[in-house]
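Geometric and topological summary
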Amino acid sequence: MQFYLDSADFTEIQQAWELGILSGITTNPSLVAKTGEDFHSLIQRICDLVDAGICVNAEVLALDAEGMVREGEQLAAIHPNVVVKIPMTIAGVQAVKKLCQKGIRTNVTLVFTPVQALLAARAGASFVSPFLGRFDDIGEDGVAALEDICDVFIHYDISCKSIAASIRHPVHVLQAAQAGADIATIPFKVLEKLYEHPLTKQGVEKFCADWAKGKG
Ligand code: G3P
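A short tour of the structure in this document, coming up. Note that the coordinates shown come from a computational prediction; the quantities given were computed from them, not determined experimentally.

Some details on helix α1 (residues 10–18)
- Taken as a whole, α1 has its buried residues at F10, I13, A16 and W17. With its buried residues spanning 120 degrees around the axis, α1 presents them on a single face. Those residues of α1 that are exposed and angled more than 90 degrees off the buried face are T11 and E18.
- Among the structural elements, β1 (2–6), β2 (22–26), α3 (39–49) and α10 (188–194) are those in contact with the buried residues of α1.

Looking at the pairing of β1
- Alignment of β1 against strand β8 (residues 183–186), held across four bridges, turns out to be parallel. What sits directly across from Q2, in β8, is I183.
- Alignment of β1 against β2, held across four bridges, turns out to be parallel. Within β2, the position partnered with Y4 by the bridge is G24.
- Running through α1, the crossover from β1 to the neighbouring parallel element β2 is right-handed.

Focus: the site of the ligand
- Residues in contact with the ligand, as listed here, are D6, N28, K85, F131, R134, A165, S166 and R168.
- The contact in question runs from an oxygen atom of the ligand to an N or O atom on the side chain of D6, over 2.5 Å.
- Within the side chain of N28, one N or O atom sits 3.1 Å away from an oxygen atom of the ligand.
- When the ligand sits alone it has 310 Å² of accessible area, and the protein chains cover 83% of it.

Some points on the sheet that holds strand β6 (residues 127–130)
- Pairing is parallel around the closed barrel formed by eight strands, whose spatial order is β1-β2-β3-β4-β5-β6-β7-β8. On average, each strand axis in the sheet is tilted by 25 degrees relative to the strand beside it, whichever way the strands run.
- With three bridges connecting them, β2 and strand β3 (residues 55–59) associate as parallel partners. Looking at β3, one finds that G24 is bridged to C55.

Conventions and cut-offs
Residues numbered from 1 in each chain as written. Predicted model: local features only at pLDDT ≥ 70, side-chain atom pairs only at ≥ 80, totals over all residues. Heavy atoms only, no water. Buried < 20%, exposed > 50% of the residue type's maximum accessible area, 1.4 Å probe, protein only. Helix = DSSP H or I, 4+ residues; strand = E, 2+ residues; numbered from the N terminus. Arc of directions from axis to C-beta. Contact = heavy atoms within 4.5 Å. Pairing = 2+ DSSP bridges. Right-handed = clockwise from strand over helix to strand, strands pointing away. Near = heavy atom within 4 Å. Polar contact = N/O pair within 3.5 Å; in protein donor to acceptor, adjacent residues only side chain to side chain. Areas by Shrake-Rupley, 256 points an atom, 1.4 Å probe, with all protein chains shown as cover. Axes fitted to C-alpha atoms, helices over the stretch in contact; angles between N-to-C directions.

Next comes the structure, spelled out in C-alpha cells:
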C-alpha cells in the first residue's frame, strides 16, 4: 500500500515530503479553503516541490459535467503530476469519461459503495476514494465497504486503484492495508503517529543509557 498525504497546508506538505515515504498528495476544497491560498498557485507549488510521478490531487468545484471537464482540463494543464478529483455523481462520472478520453487521470471521490466504485472505474477513473471515517460517522462500516470494493476490483481484474480516504486514526491505516487498498491518504497528525511505539522509544532510550554507562 502506498502512502499519500491528505493536506493542503504547504508547510505540512513540505514536512511530510521530507519523510521520504509519500507517493502522492490529496487536497479537497475544504482543506484548500482553510489555507486562504490561491488554488491553482498552491497546486503548482506542491507539484514543484515533489518528484515527477508523484500524484497531486486537485478537486473540481463545478457540479455539471461540462464545467467539471473545463476545470479538470485547467487543473491538468498546471503540471503532469496533477490528478483531477471528481465527485461521485452522474455528472461526475460523465466528466470522468470525457477527461479519460482526453488522457487526463481522475480520482472519483466521496465513494461509499462498491457499485459507485465500479461505475467510476467503468467510466475510466484511474482512482476511486472510499471514505472510511465519514461512513463510520453515520453508523456504517467504512472498512467493510473498502474490502468489498477491493474484492470487486480483483474479481473483474480492474486496474482502477483504491485510495482509502477520510482516515481518522492509525487503526484505519492498518485496516486499509489489510483490506488491500492500493493507497491510503492520511492526515499529517495520523501519519506522524504511525512511526511511534512506546517500546521503540523505550528501546532507544535504553540503548543510549547503556552506551553511556559502558563508555563511562
Ligand atoms: O480528502 C478527503 C478526505 O480524506 C476527507 O477526510 O476527515 O474530512 O472525512 P475527512
